[in-house]
Amino acid sequence: MAVYLLRRLALAALVIISVSAVTFVVARVIPSDPAALYAGQRPTADQIEAARERLGLDQPLYAQYIRFLGDILQGDLGTSYKTKHPILSDIRTFLPATLELVIVSTLMALLVGVPLGVFAGARRGGGFDQVTRIASIAGVSIPTFWLALIFQLFFFGALKLLPLSSRMSNSVALFNTFPTITGFYLIDSLLAGNLVAWRDAAWHILLPAFTLATYPISLTLRMTRAAMVETLSEKYITAARAQGLPEHDVLFRYALKNAIIPTLTVLGLSFAYSLTGAFLIEVIFSWPGLGKYVTDAVLNVDFPVIVSVTLIVTVFYVFINLIVDIIQAVLDPRVALR
Amino acid sequence: MTILARWFGSRFAPDSIPARLRHDPLAIFSFLVVLTLILAAAFAPLLTSRAAEGLGEPNPVEKFAPPSAEHIFGADHLGRDLYARVLFGGRTSLAMGFLVVFVAVLIGTPLGAVAGYAGGWVDEIIMRVTDIALAFPPLLLAITIAAALGPSFTNAAIAIALTWWPWYTRIVRAQVVTLRERPFVESARIMGVNGFTIIVRHLLPNALSPVIVQATLDLGSAILTGAALSFLGLGVQPPTPDWGQLVSTGPLYFPDRWWYVTFPGLAIFAATLAFNLLGDSVQDANT
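The rules behind the values
- Residues numbered from 1 in each chain as written.
- Chains lettered and ligands numbered in written order.
- Predicted model: local features only at pLDDT ≥ 70, side-chain atom pairs only at ≥ 80, totals over all residues.
- Helix = DSSP H or I, 4+ residues; strand = E, 2+ residues; numbered from the N terminus.
- Buried ≥ 20, exposed ≤ 12 C-beta atoms within 10 Å, placed from the backbone.
- Contact = placed C-beta atoms within 7 Å.
- Nonpolar A, V, L, I, M, F, W, Y, C, P; charged D, E, K, R; others polar.
- Axes fitted to C-alpha atoms, helices over the stretch in contact; angles between N-to-C directions.
- Parallel < 35°, antiparallel > 145°, perpendicular 65-115°, else oblique.
- Left-handed = near helix turned anticlockwise from the far one by under 90°.
- Expected span 1.5 Å × (residues − 1).
- Bend = angle between axes of the 7 residues up to and from the residue.
- Core = buried A, V, L, I, M, F, W, Y, C linked by C-beta atoms within 7 Å.
- pLDDT = per-residue confidence, 0-100.

## Some points on the overall build of chain A
Point 1. Scanning chain A from terminus to terminus reveals 14 helices and 0 strands.
Point 2. Helices and strands in chain A line up, N terminus first, as α-α-α-α-α-α-α-α-α-α-α-α-α-α.
Point 3. Taken across its 338 residues, chain A has 39% of its residues classed as buried.
Point 4. The contacts of chain A with a sequence gap of at least 6 include a subset with a gap of at least 24, amounting to 70%.

Dropping the structure here:
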């Protein structure tokens, strides 16, 4: 186990180093003239020269890379061309919005995917199983950015039921302010005891979070089903049934307890995956998170932002995967012996 | 098929998978949908009288014409028939999916074969690089690479393929490691056949079937990711159409011109779903 953990940690460290190398290549080597990009739109020759000096582009590549690493380690991710803010402070503002969205959608996946998976697995090959098989393949096939638009057409355009976009209504945000503590609106508004704001924030997160959840819902459904099918064939389940326990207890109290482990692993991985999946959703729902920030940066060729977000999100991604792997190894020691 | 069969020899037995698929109605259905979409894209000019509009020629008179007998999918902001745009967009979107998977297989397969055959430090290095590549968030890496290379069809395909190859390396390596010790490889080695020939003639043909299964499974996601990149403006540039790009223009005219978003998106959904169902069935038949 210790060897496995060490190996896993070493790999994570290697990945972080490679991420820095890849982002360095993307930011400084691939663009034909990074200084011109850095200097902004239509720069003068003097500005380009100044940028070249500031970026140290006159020095050899390895020296540039070391400087690049040094800046990052000091928390200096550079300045965005567009917002003109230090990127780190921008990320501090935008990250909580993305995390709130991803966490809510993961909870939705858990609450919807697991029970459906239990029922599908309980009646393997039955009608419900067939329907959920197709539905979950459809769930991973549907372009989320399109589904988001269709939801907007339906729930906002046709039914006028849910808000179109953003994290809160302007009117509520103006008259029902609450202090920023975590950056999660649902938590901050509750802490302030501001129920009007909480209701509004919850109303706003519903559609984007559900859209983002279609993929993890399908995944957890399939995973829970597969694990249930396996667990239900165990002898202790037969024994529980023979004792005349109600079917509901057999499924949810006895079988699910064992079947949930692989599902939680998948959910952890899909949480990491959703961090980037959220990007497209944020664009459509004008959700002021990292995805909106980075896609705006793509349109403005704002390289420092693209690179910094890639760096930060990848570190998050690696970290979550590491935690999932470790939990899995603790729950099932066979994993470490691979 | 005959050339393929001769090359693979009887070991690969390419008929065995289709034989089982013939009894799976869902597989037949999804195969027919896939075939229809490919043929529709290939013969796009024959299926519409508005091929010029499909390729981008504006027709301002019919700006935002709603769906009707004349325009079954309606018309866009430049009056172009959306049905024709979707038909021609299919050429780009489907080609993107195939290109991504092809490039990923092209990079991943030789690496996996060499790692599995050589073993030792070569194996160790290749597989650790693979682990690292797999640890990147794929969509974000693709966005970053595509943004750095500049928006275009080829660059988007390369960017996605660069996040995809490690899966093929893993699959092929796993196959080759088990095949390496088999008598026919052993005897080839004893007869003095060189490593390259052993890999190409003896190992790869036998390792190909799981690669084909994985490739079928991947086509759907490749089309979906390609559409996502072009939705973000990183794919093919207008006036050449692409499904993702068509969906991205739609929201500008929201929510009144609902057809602009709906039909191109349905095309992406149909294609991805059909490929995924087919992949699912192929995987079922293979296990």
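## Considering the overall build of chain B
Point 1. Helices and strands together make up the secondary structure of chain B, namely 14 helices and 0 strands.
Point 2. Expressed as lengths along the three principal axes of its C-alpha atoms, the size of chain B is roughly 75 × 45 × 25 Å.
Point 3. Burial analysis of chain B (287 residues in total) assigns 48% to the buried set.

## Section: the environment of B:Thr154
Residues and elements named next belong to chain B.
Point 1. With respect to the secondary-structure elements, Thr154 resides in helix H9 (residues 153-162).
Point 2. We classify Thr154 as partly exposed; it has 13 C-beta atoms within 10 Å.
Point 3. C-alpha of Thr154 to C-alpha of Gly235: the two residues are 81 residues apart in sequence and 8.1 Å apart in space.

## Some details on the interface of chain B and chain A
Interfaces are often sized by the accessible area lost when the parts come together.
Point 1. Across the boundary between the two partners, chain B contributes 36 residues, which contact 36 residues of chain A.
Point 2. Of all the secondary structure elements, the ones that give two or more residues to the side of chain B that touches chain A are helix H7 (120-135), helix H8 (138-149), helix H12 (195-231) and helix H14 (258-286) of chain B.
Point 3. Ranked by residues supplied to the side of chain B that touches chain A, first place goes to H14(B) with 11 residues.
Point 4. The class makeup of the residues in the side of chain B that touches chain A is 26 nonpolar, 8 polar and 2 charged.

## Quick look at the environment of A:Leu69
Residue and element names in this part refer to chain A.
Point 1. Inspection of the secondary structure assignment puts Leu69 in helix H4 (residues 61-73).
Point 2. When the 14 C-beta atoms within 10 Å are taken as the criterion, Leu69 is described as partly exposed.
Point 3. In the structure, Leu69 is positioned 48 residues away from Ala21 in sequence and 9.0 Å away in space, judged by C-alpha atoms.

## Side note on the packing of helix H11 (residues 183-190) of chain B against H12(B)
Residues and elements named next belong to chain B.
Point 1. Remark: H11 packs on H12, axes separated minimally by 11 Å, with the N-to-C direction vectors making an angle of 155°. Judged by the angle between their axes, H11 and H12 are roughly antiparallel. In the packing of H11 onto H12, the handedness of the crossing is right-handed. Seen from H11, the contacting residues are Phe184, Val185, Ala188 and Arg189; seen from H12, they are Ile198, His202 and Leu203.
Point 2. Split into classes, the residues belonging to the contact of H11 with H12 amount to 5 nonpolar, 1 polar and 1 charged.

## Observations concerning the packing of helix H6 (residues 127-141) of chain A against H14(B)
When two helices pack together, their arrangement is given by the angle between the helix axes and the distance between those axes.
Point 1. Two elements in contact, H6(A) and H14(B), have axes whose closest approach is 9 Å; the angle formed by their N-to-C orientations is 125°. As summarised for this structure, H6(A) and H14(B) are arranged oblique, according to the angle between their axes. Relative to H14(B), the crossing made by H6(A) is right-handed. Between H6(A) and H14(B), the residues in contact are A:Ile137, A:Ala138, A:Val140 and A:Ser141 and B:Phe269, B:Thr272, B:Leu273, B:Asn276, B:Leu277 and B:Asp280, respectively.
Point 2. Across the contact of H6(A) with H14(B), the residue classes break down as 6 nonpolar, 3 polar and 1 charged.

## A few points about unusual backbone geometry
Point 1. The amide bond that connects B:Pro238 to the next residue, B:Pro239, takes the cis arrangement and shows omega of 10°.
Point 2. Relative to the helices and strands, B:Pro239 is located in the loop between H12 and helix H13 (243-249).
Point 3. Look at A:Lys160: it is not a glycine, yet its phi comes out positive at around 50°.
Point 4. If you trace the backbone, A:Lys160 turns up in the loop between helix H7 (144-158) and helix H8 (170-175).
Point 5. One non-glycine residue, B:Phe64, lies in positive phi territory at about 55°.
Point 6. Secondary-structure assignment places B:Phe64 in the loop between helix H5 (51-55) and helix H6 (82-118).

## With respect to H12(B)
All names here are of chain B.
Point 1. The first and last C-alpha atoms of H12 sit only 45 Å apart over 37 residues, clearly below the 54 Å expected at 1.5 Å per residue.
Point 2. Of all the bends in H12, the greatest, near 50°, is centred on Leu204, and the proline Pro205 appears no more than four residues after it.
Point 3. One or two positions beyond H12, positive phi appears at Gly233, with a value near 85°.

## Digging into the environment of B:Ala227
Point 1. In this fold, B:Ala227 is placed in helix H12.
Point 2. A residue is classified by how many C-beta atoms lie within 10 Å of it, and B:Ala227, with 33 of them, is buried.
Point 3. Here the alpha-carbon distance between B:Ala227 and B:Lys63, two residues 164 residues apart in the chain, equals 25 Å.
Point 4. For B:Ala227, the residues in contact, after removing those within four places along its chain, are A:Pro143, B:Ser93, B:Trp243, B:Gly244 and B:Ile268.

## As for the nonpolar core
Point 1. Membership of the largest hydrophobic core comes to 161 residues, with the highest contact counts inside it found for B:Ile143, B:Ile160 and B:Ile223.
Point 2. What B:Ile160 contacts, discounting residues up to four positions off in sequence, is B:Val100, B:Ala142, B:Ala222, B:Thr225, B:Gly226 and B:Leu229.

## Quick word on the confidence of the model for chain B
All names here are of chain B.
Point 1. Residues with a pLDDT of 70 or more make up 93% of chain B, whose mean pLDDT is 85.
Point 2. Looking across chain B, the model is least confident in helix H1 (residues 2-12), with a mean pLDDT of 41, and most confident in H6, with 93.
Point 3. Note that pLDDT drops below 50 for residues 1-14; the model gives that stretch 10 contacts with residues more than four away or on any other chain.
Point 4. Scored by ipTM, the complex comes to 0.85, with pTM at 0.86.

## Let's talk about H14(B)
Point 1. Compared with an ideal rise of 1.5 Å per residue, which puts 29 residues at 42 Å, H14(B) spans 42 Å between its outermost C-alpha atoms and is within 8% of the ideal.
Point 2. Among the 29 residues in H14(B), 23 count as buried, and that is most of the element.

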